[in-house]
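Chains, contacts and geometry: an overview
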Amino acid sequence: MDCHVHYSSPGGPEWIARFTDPLPEISMRAVELAETSLRSGVTTARDVGAPEGISIRLARAARAGEVRAPNIRAAGTWIAHRGTYVSFARLFKEAGELRNAIKTEIEAGADLIKVALAGWNEGARPQDAPDIPFDKKLLAVAVEEAHKAGFKIACHANDAASCRIAAHAGVDSLEHGMFLEAQDLEAMVKNKTYLVPTMSVWDAMLYYARAVDWPEARRKRAEDLRQGSRVAVTAGIKAGVKIALGTDAGGGAARHGRIAREAELMVECGMEPRDALIAATSSAAALIGESERGTIEAGKIADLVLLDANPLENIGALRLIVDVFQEGRRVG
Ligand SMILES: [Zn+2]
């Protein structure tokens with residue numbers, strides 16, 4: 001299971017620009033990317049943000065068997081404060097608008113709510129505005145509104161200030177979490193908040209930094225993310241934070257179909273191979289709310305991946321996919 005994908009973008013060095021491609025192109029590509037993901041062994045995926053609610057439509061098509069795709073839980077469109085996150089998110093300015101945005105996503109058919117805390121985009125910050133306008137109070141409103149409706153809420157946080165807010169807010173999952181500090185991790189344990197580290201993001205960035213010869217400042221940022229992420233994940237493992245695997249394929253430079261890489265990075269941060277597998281199966285299922293999936297047991301749905309080597313000995317064995325089974329049917 002991959003708890004953090006965006007099938008509306010292919011990833012790559014200019015991933016954000018791909019979200020604003022013409023809608024027909026995004027839609028067709030999403031179908032293709034979901035199939036790529038399935039063939040790489042992802043039988044369930046959480047799509048945590050797409051323009052125009054494309055992920056909701058894709059999840060429905062997958063459920064109806066119209067396309068070959070993982071079982072998808074879709075967040076619909078990201079919700080963010082005006083002027084901060086991507087412009088094609090659903091944007092709000094105050095609490096009332098935020099509540100309405102959440103209701104609109106639920107009415108549109110979202111399976112969960114995704115909010116993005118972020119600093120202001122360049123030149124968008126009004127005078128005297130706080131660094132992170134989607135603050136503690138507004139996030140509490142979002143958590144309350146989502147939970148009241150029986151929905152889980154995932155929160156994007158990839159800078160120290162956002163991480164501090166998200167870790168203490170009681171969200172169901174904190175996405176990315178670069179620069180999480182000890183007291184944040186403690187709060188996450190207490191709040192039973194999952195960390196979805198998405199380390200594939202900086203890993204892919206550093207690949208493109210070399211392959212496409214990125215400018216120095218951009219490469220430096222990727223290196224800072226790597227450092228911040230490794231420190232946080234290593235400390236999170238030690239602190240006993242619940243961790244679920246997510247790649248951010250499409251939403252960062254990471255491409256789809258490479259879930260094995262994320263598991264390898266988790267092991268590099270000190271996780272036992274067994275625990276990396278749990279992060280990608282039963283823990284992911286618990287976070288997503290898939291009680292009939294995530295473990296191999298009588299009576300559960302038979303989503304299975306057959307490998308050519310033992311991943312408990314070498315986590316890289318996840319790359320050696322022989323076959324994929326979805327609900328007992330061979331689809332690989
Ligand atoms: Zn993402």
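Overview of the structure. All of these numbers come straight from a predicted model, not from anything done at the bench.

**Considerations on the packing of helix 4 (residues 95-108) against helix 5 (residues 136-148)**
Between helix 4 and helix 5, whose axes approach to 10 Å, the crossing angle comes to 30 degrees. In terms of axis orientation, helix 4 runs roughly parallel to helix 5. In this structure, the crossing between helix 4 and helix 5 has a hand that is right-handed. Residues Ala-95, Leu-98, Arg-99, Ile-102 and Lys-103 of helix 4 form the contact with helix 5, whose participating residues are Leu-138, Val-141, Ala-142, Glu-144, Glu-145, Ala-146 and Lys-148.

**A short note on helix 8 (residues 200-211)**
Taking 1.5 Å per residue, twelve residues should reach 16 Å; helix 8 reaches 16 Å between its end C-alpha atoms and fits that length. The buried fraction of helix 8 amounts to nine of the twelve residues, a majority that puts the element mostly inside the structure. The secondary structure elements touched by the buried residues of helix 8 are helix 1 (15-18), helix 9 (216-239) and helix 10 (259-268). Asp-213, located one to two residues past helix 8, shows a positive phi value of around 60 degrees.

**A word on the coordination of the zinc ion**
For a metal with four tetrahedral donors the ideal donor-metal-donor angle is 109.5 degrees, whereas six octahedral donors ideally subtend 90 or 180 degrees. In this structure, His-4 (NE2), His-6 (NE2) and Asp-248 (OD) serve as the protein donors to the zinc ion, at separations of 2.0 to 2.3 Å. Written as a sequence motif, the donor residues of the zinc ion are H-x1-H-x241-D. For the pair His-4 and His-6, one class covers both residues: buried.

**Description of the pattern of salt bridges**
Evaluation of the coordinates by the stated rule reveals 32 salt bridges. The shortest N-O distance in the salt bridge between Arg-218 and Glu-14 comes to 3.6 Å. Within this pair, whereas Arg-218 is found in helix 9, its partner Glu-14 is found in the loop between strand 1 (2-5) and helix 1, the two being separated by 204 residues in sequence. Between Glu-216 and Arg-219 there is a salt bridge, with the nearest N and O atoms lying 2.5 Å from each other. Placement of the pair is Glu-216 and Arg-219 together in helix 9, with a separation of three residues, close to one helical turn. Via salt bridges that share partners, Asp-203, Arg-230, Arg-261, Glu-264, Glu-268 and Arg-319 belong to a single interconnected network.

**A closer look at the environment of Ser-283**
Structurally, Ser-283 is set in helix 12 (residues 282-288). Once you skip the residues sitting within four places of it in the chain, Ser-283 turns out to touch Tyr-194, Ile-243, Ala-244 and Ile-278.

**Remarks on the environment of Glu-223**
The residue Glu-223 is located in helix 9 in this model. For the pair Glu-223 and Ala-209, spaced 14 residues apart in sequence, the C-alpha to C-alpha distance is 9.9 Å.

**Re unusual backbone geometry**
Unusually for a residue other than glycine, His-176 sits at a positive phi of about 85 degrees. The topology assignment puts His-176 in strand 8 (residues 173-176). Look at Glu-327: it is not a glycine, yet its phi comes out positive at around 45 degrees. Here Glu-327 shows up in the loop between strand 11 (321-326) and strand 12 (329-330). According to the relative accessible area criterion, Glu-327 is partly exposed, its value standing at 47%.

**So, helix 6 (residues 160-167)**
Among the residues of helix 6, Ser-162, Cys-163, Ile-165, Ala-166 and Ala-167 are the ones counted as buried. Where helix 6 is buried, its residues touch helix 5, strand 7 (153-157), strand 8 and helix 7 (182-191). Two or three places before Ala-161, at the start of helix 6, stands the capping residue Asp-159, its side-chain oxygen 3.1 Å from that residue's backbone nitrogen.

Conventions adopted
Residues numbered from 1 in each chain as written. Predicted model: local features only at pLDDT ≥ 70, side-chain atom pairs only at ≥ 80, totals over all residues. Heavy atoms only, no water. Axes fitted to C-alpha atoms, helices over the stretch in contact; angles between N-to-C directions. Helix = DSSP H or I, 4+ residues; strand = E, 2+ residues; numbered from the N terminus. Parallel < 35°, antiparallel > 145°, perpendicular 65-115°, else oblique. Left-handed = near helix turned anticlockwise from the far one by under 90°. Contact = heavy atoms within 4.5 Å. Expected span 1.5 Å × (residues − 1). Buried < 20%, exposed > 50% of the residue type's maximum accessible area, 1.4 Å probe, protein only. Donors = N, O, S within 2.8 Å, 3.2 Å for Na, K, Ca; no water. Salt bridge = Lys/Arg side-chain N within 4 Å of Asp/Glu carboxyl O. Polar contact = N/O pair within 3.5 Å; in protein donor to acceptor, adjacent residues only side chain to side chain.

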